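Architecture and fold: a report
Chain by chain, the residues run as shown.
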Amino acid sequence: MEDELFSVLGTLKDAVKKIAHAIEVSGTGKAGTQNIYGEEQLALDVLSDNIVQEECKKNPLIGLIASEELPDEVKLGNGKYAVAYDPLDGSSLVDVNLAVGSIFGIYKTDTFLGVKGADQVAAMIAVYGPKTTIVLAVDNGVKEFVLNIENKFILSNDNIKVGEGKMFAPGNLRAAIERKDYLDLVNFWCKEQYTLRYSGGMVPDLNQILLKGKGIFSYPGYGDAPNGKLRLLFECAPMALLMTQAGGAASDGTIDILEKPLKKLDQRTPIYIGSKAEVERCCKALS
Ligand code: FDP
């Protein structure tokens, strides 16, 4: 790995350590503000976003950031790296003490508009669960690190691979009321006795598929939200890089998530991600 990319990842790891600490010691109340999508922000959403911003500002290699919590991309300087991130995904799970996470996509660009997930030079998620872990995809595979008692990330899995297996995480089940194709697919998984593993947090749900090495996560759209809820830049593209580099796949039903150009920062996309054969099954059933 290039030294410069190593430095950028070090900055993001520092942010993750601080967010993990903030989750442990902070309240889980509301901030009294809304993000650009009209979603109520938690004090922890705002705090986590500030932590990532402040850490990125310390590293001159990072010239551009975009956050799910900010209305626009923010130029920090002339650094060649750009970081798109969701500082705290799964906010609705914070007050009930379920696992939540952060998501980072790293590019070399001076604007995010027009980029594709395939342009990422690295992607990383952090999971704040009983332990804090990160899963990182760079050009030499997908690795997991765990935060130890000395506040250092130690390699815990050096070659994450996703194959096939009967596990499913069906998001947006409301869609199955209107969409018979989704209802049929969910019924198929049930009839075939797939194991249900769904927490309601995209990061822990996909982390599980990565670490167990099998499964499918689905989040289709329907009705007034044909593209669903999940954002291409902040959530789906980094997840797609991690899954694809681990041997899995990610599609919106028609196009590979990594090949979708970003037309606007808050672009949403349906997503089917996990074991290759399951993603293909979703594409056939739902496209
Ligand atoms: P949350 O709204 O709690 O932040 O990205 C948002 C997300 O969680 C994902 O982590 C999760 O997979 C999804 O929303 C859950 O969506 P539903 O509200 O449809 O259950």
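Here's a quick rundown of the structure. (Residues numbered from 1 in each chain as written. Predicted model: local features only at pLDDT ≥ 70, side-chain atom pairs only at ≥ 80, totals over all residues. Heavy atoms only, no water.)

Assigned secondary structure in the protein consists of seven helices and 15 strands. Relative to its length of 287 residues, the protein is compact, with a C-alpha radius of gyration of 18 Å against a globular reference of 19 Å. Projected onto its principal axes, the C-alpha positions of the protein cover 50 × 40 × 35 Å. With 287 residues in all, the protein has 55% of them scored as buried. Within the protein, contacts between residues separated by at least 24 positions form 62% of all contacts whose residues are at least 6 apart in sequence. Carbon and sulfur atoms provide 50% of the accessible area of the protein, an area that totals close to 12600 Å². Of the charged side chains in the protein, 31 are positive and 38 negative, and the gap between their average positions amounts to 4 Å. (Helix = DSSP H or I, 4+ residues; strand = E, 2+ residues; numbered from the N terminus. Rg over C-alpha atoms; globule rule 2.2 N^0.38 Å. Buried < 20%, exposed > 50% of the residue type's maximum accessible area, 1.4 Å probe, protein only. Contact = heavy atoms within 4.5 Å. Areas by Shrake-Rupley, 256 points an atom, 1.4 Å probe, with all protein chains shown as cover. Lys, Arg positive; Asp, Glu negative; His and termini not counted. Charge placed at Lys NZ, Arg CZ, Asp CG, Glu CD.)

For the rest of this paragraph, the subject is the site of the ligand. Surveying the vicinity of the ligand reveals 14 residues, the closest of which are Asp89, Ser92, Met202, Tyr219 and Glu235. Aspartate 89 places a side-chain nitrogen or oxygen 2.5 Å from an oxygen atom of the ligand. Taking 470 Å² as the accessible area of the ligand by itself, protein coverage stands at 82%. Residue classes in the shell around the ligand are distributed as five nonpolar, five polar and four charged. (Near = heavy atom within 4 Å. Polar contact = N/O pair within 3.5 Å; in protein donor to acceptor, adjacent residues only side chain to side chain. Nonpolar A, V, L, I, M, F, W, Y, C, P; charged D, E, K, R; others polar.)

Taking 1.5 Å of rise per residue, 15 residues should cover 21 Å, and helix H2 (residues 43-57) covers 21 Å from first to last C-alpha, within 8% of that figure. Among all positions of H2, only Leu44, Asp45, Ser48, Asp49, Ile51, Val52, Gln53, Glu55 and Cys56 are buried. (Expected span 1.5 Å × (residues − 1).)

Quick look at the environment of aspartate 158 now. Looking at where aspartate 158 falls in the secondary structure, it is placed in the loop between strand S10 (153-157) and strand S11 (167-170). Here aspartate 158 falls in the partly exposed class, since its relative accessible area comes to 48%. Measuring from C-alpha to C-alpha, the distance between aspartate 158 and phenylalanine 145 comes to 8.5 Å, with 13 residues separating the pair along the chain.

Spatially, S12-S11-S13-S15-S14 is the arrangement adopted by the five strands of the open sheet, whose pairing is mixed. On the outer flanks of this sheet lie strand S12 (195-196) and strand S14 (249-251), each paired with one strand and no other. Looking at chain direction, S11 and strand S13 (residues 216-219) are connected through three bridges and run parallel. Residue proline 170 lies in a different strand from S13, and its bridge partner there is serine 218. Of the strands in this sheet, S11 and S13 touch helix H4 (residues 180-191), which is tilted by about 150 degrees from S11. Sheet contacts for helix H5 (residues 202-212): S11, S13 and strand S15 (271-274); angle to S13, the most-contacted strand, approximately 150 degrees. (Pairing = 2+ DSSP bridges. Axes fitted to C-alpha atoms, helices over the stretch in contact; angles between N-to-C directions.)

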